[in-house]
Protein chains: 4
Amino acid sequence: MTPDQKAEIDALRAQSFTTRRATVPALEEILYDVIPVLDHGFIRVIDYMGDDAAVVQAARVSYGKGTKKVREDAGLIAYLMRHRHSTPFEMCEIKFHVKLPIFVARQWIRHRTANVNEYSARYSILDREFYVPKPEHMAAQSASNRQGRGDVLPADKAAAVMKLLRDDAERSYDHYLEMLGTGDERSEEDRGLAAAAETVAVTGLARELARMNLSLNFYTQWYWKTDLHNFMHFLSLRADPHAQYEIRVYAEAMADVLARWVPATHDAFTNYRLGGALLSAKALAVVKAMLDGQAVDKTASGMSAREWAEVMATLGR
Amino acid sequence: MTPDQKAEIDALRAQSFTTRRATVPALEEILYDVIPVLDHGFIRVIDYMGDDAAVVQAARVSYGKGTKKVREDAGLIAYLMRHRHSTPFEMCEIKFHVKLPIFVARQWIRHRTANVNEYSARYSILDREFYVPKPEHMAAQSASNRQGRGDVLPADKAAAVMKLLRDDAERSYDHYLEMLGTGDERSEEDRGLAAAAETVAVTGLARELARMNLSLNFYTQWYWKTDLHNFMHFLSLRADPHAQYEIRVYAEAMADVLARWVPATHDAFTNYRLGGALLSAKALAVVKAMLDGQAVDKTASGMSAREWAEVMATLGR
Amino acid sequence: MTPDQKAEIDALRAQSFTTRRATVPALEEILYDVIPVLDHGFIRVIDYMGDDAAVVQAARVSYGKGTKKVREDAGLIAYLMRHRHSTPFEMCEIKFHVKLPIFVARQWIRHRTANVNEYSARYSILDREFYVPKPEHMAAQSASNRQGRGDVLPADKAAAVMKLLRDDAERSYDHYLEMLGTGDERSEEDRGLAAAAETVAVTGLARELARMNLSLNFYTQWYWKTDLHNFMHFLSLRADPHAQYEIRVYAEAMADVLARWVPATHDAFTNYRLGGALLSAKALAVVKAMLDGQAVDKTASGMSAREWAEVMATLGR
Amino acid sequence: MTPDQKAEIDALRAQSFTTRRATVPALEEILYDVIPVLDHGFIRVIDYMGDDAAVVQAARVSYGKGTKKVREDAGLIAYLMRHRHSTPFEMCEIKFHVKLPIFVARQWIRHRTANVNEYSARYSILDREFYVPKPEHMAAQSASNRQGRGDVLPADKAAAVMKLLRDDAERSYDHYLEMLGTGDERSEEDRGLAAAAETVAVTGLARELARMNLSLNFYTQWYWKTDLHNFMHFLSLRADPHAQYEIRVYAEAMADVLARWVPATHDAFTNYRLGGALLSAKALAVVKAMLDGQAVDKTASGMSAREWAEVMATLGR
């Protein structure tokens, strides 16, 4: 982060207004602050609307706060989560500023129910910032899972990969600047859309073309806004152990934000989504048989070997 | 509105918090207040996120406020509106509590990009409140427009219609209560979802069935939340002269809210959407010919008689 | 259905074309046919895109059919369903013509991820058709569930309700026609949007106003189109025992269509969605303890009495 | 394209089924065929639902075809387009297989109202295929438009850029394979999700990590499905002269598909969208004044210099 950027954030954090809106002190505390993720990435909470009570208020279509006792509110929130009544959770909203590698952005953007403004490399010149995994995250292809990671690479192999990634990214960026016909790094002034009318005296290749030489580990950034229901859906998929490590760390940082923002909703989410499990009809039949003390059998269950293993893992057998 | 409801609203309006978030004093002023629409309906602003500057901030993916001078910001907002860059407008959000006749709700709900929680007549008993148009809005079917209104009905006819509407609605409601096996009107206590576990000693017809006897002019209510872009899309369709009067009055009341909330965006919206016009390729060719001083001809233009008339009206000919 | 409508359907069913597209004979068999639901309603399949193999093809982003053996395809479909990989299911599409009571339409329309064209009572005059429940579906308000039905009403009470519903609907419709200033019932000619330019010589109240006198049990109709993923989501909520009977019968008729259309997907859907159950973290802990032969206790589980009962019912205890 | 891929396509094109569904011979003709775009990309139509008549049928919520004379149908379609009645156009659907550079995919995916299945580089190894612009598309940054292209680069500069792009991409790909610990190029067998259970004996870096070394001009591919309304919205933005050349050529190829599929809709789209123009309230006032023979003035109009120039260009002044 540049000193200018830090000063801008400090200026936002120094401001203070009076409002009649639902306000969450624990979230205000970290508002605008940078929460680092990966080697150069971050999340920042930029704005929010609503709190736990706003979920209750919407479910009751109330004239006032709609809340009763805290305990009753938490009960209603748990009830809504359990019965998949998702619309009251859609009544809260949160907005983030996120800096993330492009290959992570490509997974993330598949969540279509969010609003996004991405920094444009058609307008502006990207920074010399790219992601290189730490040795402890440099894993081999999984031998059992076609889309996962297996053991960590031996130190020498990891070092070799890191060198390749770093050298290629540095060279790509050098050539990117060379194509642009400029040794200048991007300045803040370069950015403004408002400035679109100004004459730009660049003699090099158009930015919208030059950018194609950058690799997928370069960082991009965006504003990302979503409602509480879709935020939890994002977290349930991306904070999951099956998600790629590089997106999971963003989801985990955002789950901490969820806990600050709407603690009762976070509790229900943890119980019913993150910690819960969906049992199929076949799996349920097996569980019932086991509870009845009957012998159960993988073949007779109708499940595949892989699914059987997943179910037994879920049941702690 | 009952005294209880009024007290709840007053309690909300009396509260005051400190926040670092973007805050709009002109909108805070009316927050939670009832803005009456039609004979028993209303809109109330319940919450909001962002302001004009938040649009600019998102367009620039900035670390800080992102705003420059007010004039430059307004220029950027106009540029975004003109070039249909809609995503920065999606970064603001507004939430309303609305009370409206069911037949209006049926048009309104077709806007799918909003979040809605409607008061449920499966859970609760609806109030004895229905819409009856005023004589000056009691119009005959249009002779030229299959979906519009023509002249106002003569006073005696209007009075006859009002009596039919009123008598039928009263009778429907009496029978609704009779089917429910209760002379009780709904109490606040009847409402709570949280109370779902309590035993309800009703011997009459299930609420989810009895409600089918009510007519489409009965009032319902909901929480409705949408982003600034989709809010303007709603307004452009529903504040339009072709929209049915009974939904247009809601849109007009909401357009006033827009002006309070985001004045620069409201100006651009008025200029480019509400007051603008889309000319087809054929219409553009006619305009160019007229500007060249050439004679133009309805038949040669390739337009239908109706479309020709619409274009000439747009051009003030 | 009028003889004209029947003739139109027969004409569609008589046509036959040659196509290279994925085609499902079992679905072609019933294409365009009326499948009756409730007393005057129906569903009709109007068009479809894709089949089970199209799900596989999309998951593999293949150049050709993408399918291997039938058994492997079914395995992949089950895998996708189990791991909530929903996008391949979005690659198939189905379109229905549905006739349904307005109060059912109001629940149905809350599914926002579908395309809808509804018959417009602003343009056209509705038919004299309304829903009256059969005595065996005339249930009392549930004593334990605030939004459900309890016991069936005694015969005399049911008959009284039926009479009220019928008389009120008939009267509403008579007055509707009276307001419209016409004894004419709707003719086909009345309908066409294309005819919007014709002069309509109606002297009565505008249709967009008169319709408000009709009650919520009158029938409307629409074209409804959705993708396979969202179709299953609709079915999982609306074919559920907690759904109101009057929408559930539509969902059940549509589930039969699903079985004809995509049998492998239907099997997976039945196993993982309709017949499956979501266990919370707390419920899972209880199941594990039971499997370990430990005593479990409602209070210690952290579940409410209602949730405990639901979990025990799921486990068949 | 490999011989295997060609054979798969030929097999699809050789198949023939009988259907009662709306069928479009002109589209069947090119179904599954590769339509080349850029140096290694393509579009292929994989499936479709509906035709011009289906738009009419949905607008009329008809029991049968709903069509009258061809001329009347075209008139209704033009009416719907002119008045932005978009829902009937949502009743048709089309599915493409697209091969495209990643930086184009990143723009394309911002259209959220489509269904997408992308080839996964977490599962599979990408091909050695990347985009290099032809010299005639190698343009300098525009001097007047911050996001556009200006003059074509001189031949020597263009050649230098091409060499940089090509060398960097080749080297990235070599290192990608090296990290994967395999000289093997991807085989078809590598792909199948169904095969996820097989043991994969790869000792190199996980695929989900290695891919980050590839640059944004590498090709990816996906299945992309959308409805007719959103398809036209995509075309109106991406076939526009302001769109980047590399996505515009895809949109142009797809506009040809639109013309084959729904000719009446294509005509209306060309007239009202592609060839039309939106005039603001201020621009309309200027046009009216000009038609009245009054002098108009840039400053008095309230428009910026840029907007004034745009409006005059639209009017051919």
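Criteria and thresholds
Residues numbered from 1 in each chain as written. Chains lettered and ligands numbered in written order. Predicted model: local features only at pLDDT ≥ 70, side-chain atom pairs only at ≥ 80, totals over all residues. Heavy atoms only, no water. Helix = DSSP H or I, 4+ residues; strand = E, 2+ residues; numbered from the N terminus. Buried < 20%, exposed > 50% of the residue type's maximum accessible area, 1.4 Å probe, protein only. Contact = heavy atoms within 4.5 Å. Lys, Arg positive; Asp, Glu negative; His and termini not counted. Charge placed at Lys NZ, Arg CZ, Asp CG, Glu CD. Least-squares fit on C-alpha atoms with pLDDT ≥ 70 in both. Phe/Tyr/Trp six-rings, centres within 6.5 Å; stacked < 30°, edge-to-face > 60°. Buried area = accessible area lost by both parts, 1.4 Å probe. Salt bridge = Lys/Arg side-chain N within 4 Å of Asp/Glu carboxyl O. Nonpolar A, V, L, I, M, F, W, Y, C, P; charged D, E, K, R; others polar. Core = buried A, V, L, I, M, F, W, Y, C linked by side-chain atoms within 4.5 Å. UniProt positions renumbered as here; feature names shortened; annotations may be inferred. Pairing = 2+ DSSP bridges. Axes fitted to C-alpha atoms, helices over the stretch in contact; angles between N-to-C directions. Polar contact = N/O pair within 3.5 Å; in protein donor to acceptor, adjacent residues only side chain to side chain. Domains from an automatic or database assignment. Parallel < 35°, antiparallel > 145°, perpendicular 65-115°, else oblique. Left-handed = near helix turned anticlockwise from the far one by under 90°. pLDDT = per-residue confidence, 0-100.

Caption draft 1: Spatial organisation of the overall build of chain A. A tally of regular secondary structure across chain A gives 13 helices and nine strands. The buried share of chain A, taken over its 317 residues, is 61%. In chain A, 70% of the contacts between residues at least 6 apart in sequence involve partners at least 24 apart. With 40 positive and 42 negative side-chain charges, chain A shows a separation of 7 Å between the mean positions of the two kinds.

Caption draft 2: How the structure looks around the relation of the copies chain C and chain D. Of the transformation superimposing chain C on chain D, the axial component is 0.0 Å and the angular component is 180°, with the fit at an RMSD of 0.0 Å. Classification of the inter-copy transformation places it as that of a two-fold axis. Rotation axis and chain C: the residue whose C-alpha lies nearest the axis is C:Thr18, separated from it by 2.4 Å. A symmetric contact is evident, with 100% of the interface residues of chain C recurring at the interface of chain D.

Caption draft 3: Here's a closer look at the packing of aromatic side chains. Counting across every chain of the model gives 44 aromatic pairs over all chains. Between C:Trp108 and C:Trp224 the ring centres are 5.5 Å apart and the planes differ by 85°, which places this aromatic pair in the edge-to-face class. Placement of C:Trp108 in helix 5 (residues 102-108) and of C:Trp224 in strand 8 (residues 219-227) is noted, with a sequence separation of 116 residues between them. Taken individually, C:Trp108 and C:Trp224 each receive the classification buried, so the pair is uniform in this respect. Where D:Tyr173 meets D:Phe218, the ring centres are 5.9 Å apart and the plane angle is 15°; that geometry is what we call stacked. Placement of the pair is D:Tyr173 in helix 6 (residues 155-180) and D:Phe218 in the loop between helix 7 (207-210) and strand 8 (219-227), with a sequence separation of 45 residues.

Caption draft 4: Spatial organisation of the interface of chain D and chain A. Counting residues at the interface gives 69 residues for chain D and 69 residues for chain A. Here chain D packs against chain A, burying approximately 6200 Å² in sum over the two surfaces, 51% of which is carbon and sulfur. Contact with chain A buries surface across chain D, with D:Arg122, D:Arg146 and D:Met212 losing the most and accounting together for 15% of the total. Counting across the chain D and chain A interface gives four salt bridges. Elements with a minimum of two residues in the side of chain D that touches chain A: helix 5 (102-108), strand 5 (115-118), strand 6 (139-141), helix 6, helix 7 and helix 9 (245-261) of chain D. The biggest single contributor to the side of chain D that touches chain A is helix 6 of chain D, with ten residues. Its residues placed into classes, the side of chain D that touches chain A shows 31 nonpolar, 20 polar and 18 charged.

Caption draft 5: Up close: the pattern of salt bridges. All names here are of chain D. Taken as a whole, this structure holds 81 salt bridges over all chains when the rule is applied. Among the ionic pairs, aspartate 33 bridges to arginine 13, the shortest N-O distance being 3.4 Å. Linking aspartate 33 in the loop between helix 2 (25-28) and strand 2 (35-37) with arginine 13 in helix 1 (residues 3-14), this pair joins segments that are 20 residues apart in sequence. On the basis of relative accessibility, which here comes to 29%, the residue aspartate 33 falls in the partly exposed class. The exposure class of arginine 13 is buried, given its relative accessible area of 19%.

Caption draft 6: Local environment of the nonpolar core. Formed by 192 residues in total, the largest nonpolar core has its most connected members in A:Trp108 and D:Trp108. Beyond its immediate stretch of four places on either side in the chain, D:Trp108 contacts D:Val98, D:Leu100, D:Trp222, D:Trp224, D:Phe234, D:Ile247, D:Tyr250 and D:Met254. In terms of nonpolar packing, the next biggest core, distinct from the first, is built from 190 residues, B:Tyr131, B:Ala140, C:Phe130 and C:Met179 among them.

Caption draft 7: Focus on the UniProt feature "binding site: FAD" (unreviewed entry) in chain A. If you check UniProt for "binding site: FAD" (unreviewed entry), the listed places come out as A:Thr87, A:Arg110, A:His111, A:Arg112, A:Glu118, A:Asp227, A:Leu228, A:His229 and A:His233 in our numbering. For the residues just named, distributed over 147 residues, the greatest C-alpha separation reaches 27.5 Å, placing them at more than one site. You can see A:Thr87 is positioned in the loop between helix 4 (70-82) and strand 4 (93-101). Not counting chain neighbours up to four residues away, the residues in contact with A:Thr87 comprise B:Val116, B:Asn117 and C:Arg110. Position of A:Leu228 relative to the elements: it lies in helix 8 (residues 228-238).

Caption draft 8: Structural detail: the sheet that holds strand 3 (residues 41-49) of chain A. Residues and elements named next belong to chain A. Judged by pairing direction, the sheet is antiparallel, and its five strands sit side by side in the order 2-3-4-8-5 without closing on themselves. At either margin of the open sheet sits one strand with a lone partner, and together these are strand 2 (35-37) and strand 5 (115-118). Pairs of neighbouring strands in the sheet enclose a mean axial angle of 25°, with direction left out of account. Sheet topology note: the strand 4/strand 8 (residues 219-227) ladder contains nine bridges and is antiparallel. Within strand 8, the residue paired with glutamate 93 across the bridge is aspartate 227.

Caption draft 9: Summary view of the sheet that holds strand 2 of chain D. Residue and element names in this part refer to chain D. Pairing is antiparallel in the open sheet, where five strands are placed in the order 2-3-4-8-5. Each having just a single partner strand, strand 2 and strand 5 make up the two edges of the open sheet. Strand-to-strand, the axes of this sheet are offset by a mean angle of 25°, without reference to chain direction. Note: strand 3 (residues 41-49) against strand 4 (residues 93-101), seven bridges, orientation antiparallel.

Caption draft 10: Main features of the relation of the copies chain D and chain A. If you rotate chain D by 180° and push it 0.0 Å along the axis, it lands on chain A with an RMSD of 0.0 Å. Here 100% of the interface residues in chain D have copies in chain A that are interface residues too; the copies meet face to matching face.

Caption draft 11: Layout of the UniProt feature "binding site: dUMP" (unreviewed entry) in chain A. Residue and element names in this part refer to chain A. If you check UniProt for "binding site: dUMP" (unreviewed entry), the listed places come out as Gln107, Trp108, Ile109, Arg110, Glu118, Tyr119, Ser120, Ala121, Arg122, Arg211 and Arg238 in our numbering. Maximum C-alpha separation among the annotated residues is 29.1 Å over a sequence range of 132 residues, too wide for a single clustered spot. Within the element layout of this structure, serine 120 appears in the loop between strand 5 and strand 6 (139-141). Within polar-contact distance, the side chain of serine 120 engages the backbone nitrogen of arginine 122 at 3.0 Å. Within the element layout of this structure, arginine 238 appears in helix 8.

Caption draft 12: View of the domain arrangement of chain A. Taken domain by domain, chain A consists of domain 1 (1-121 + 216-276), domain 2 (131-213) and domain 3 (281-315). For domain 1 of chain A and domain 3 of chain A, the distance between their C-alpha centres works out to 37 Å.

Caption draft 13: View of the interface of chain C and chain D. Every contact between the two is made by 68 residues of chain C and, on the other side, 69 residues of chain D. Between chain C and chain D lies a buried interface of about 6200 Å² when both sides are counted; carbon and sulfur atoms form 52% of it. Of all residues in chain C, C:Arg20, C:Arg21 and C:Tyr63 bury the most surface against chain D, accounting for 19% of the area lost on that side. Along the contact surface separating chain C from chain D lie four salt bridges. Put simply, chain C and chain D have 40 residue pairs in polar contact (both at pLDDT 80 or more) between them. Secondary structure elements with two or more residues in the side of chain C that touches chain D: helix 1 (3-14), strand 1 (17-19), strand 3 (41-49), helix 3 (52-59), helix 4 (70-82), strand 4 (93-101), strand 5 (115-118) and strand 8 of chain C. Classifying every residue of the side of chain C that touches chain D gives 30 nonpolar, 18 polar and 20 charged. As judged from the three bridges shared by strand 1 of chain C and strand 1 (residues 17-19) of chain D, these two strands associate in the antiparallel manner. By the bridge assignment for strand 1 of chain D, C:Thr19 is matched with D:Phe17.

Caption draft 14: Unusual backbone geometry, seen in detail. Positioned with a positive phi, B:Leu38 is a non-glycine residue whose angle comes to about 55°. A positive phi angle is found at C:Val61, which is not glycine, with a value near 45°. Along the chain, C:Val61 falls in the loop between helix 3 and helix 4.

Caption draft 15: Just the packing of helix 11 (residues 281-291) of chain A against helix 13 (residues 305-315) of chain A, in detail. Residues and elements named next belong to chain A. Taken N-terminus to C-terminus, the directions of helix 11 and helix 13 make an angle of 50°; their axes are 11 Å apart at the nearest point. Considering the angle they form, helix 11 stands oblique to helix 13. In this structure, helix 11 meets helix 13 at a crossing whose hand is right-handed. For the pair helix 11 and helix 13, the contacting residues are Ala283, Val286, Val287 and Met290 in the first and Trp308, Val311, Met312 and Leu315 in the second. Residue composition of the contact of helix 11 with helix 13, by class: eight nonpolar, no polar and no charged.

Caption draft 16: Up close: the confidence of the model for chain A. Looking at chain A, the pLDDT average stands at 91 and 93% of residues meet or exceed 70. Note that pLDDT drops below 50 for residues 184-202 of chain A; the model gives that stretch 43 contacts with residues more than four away or on any other chain.

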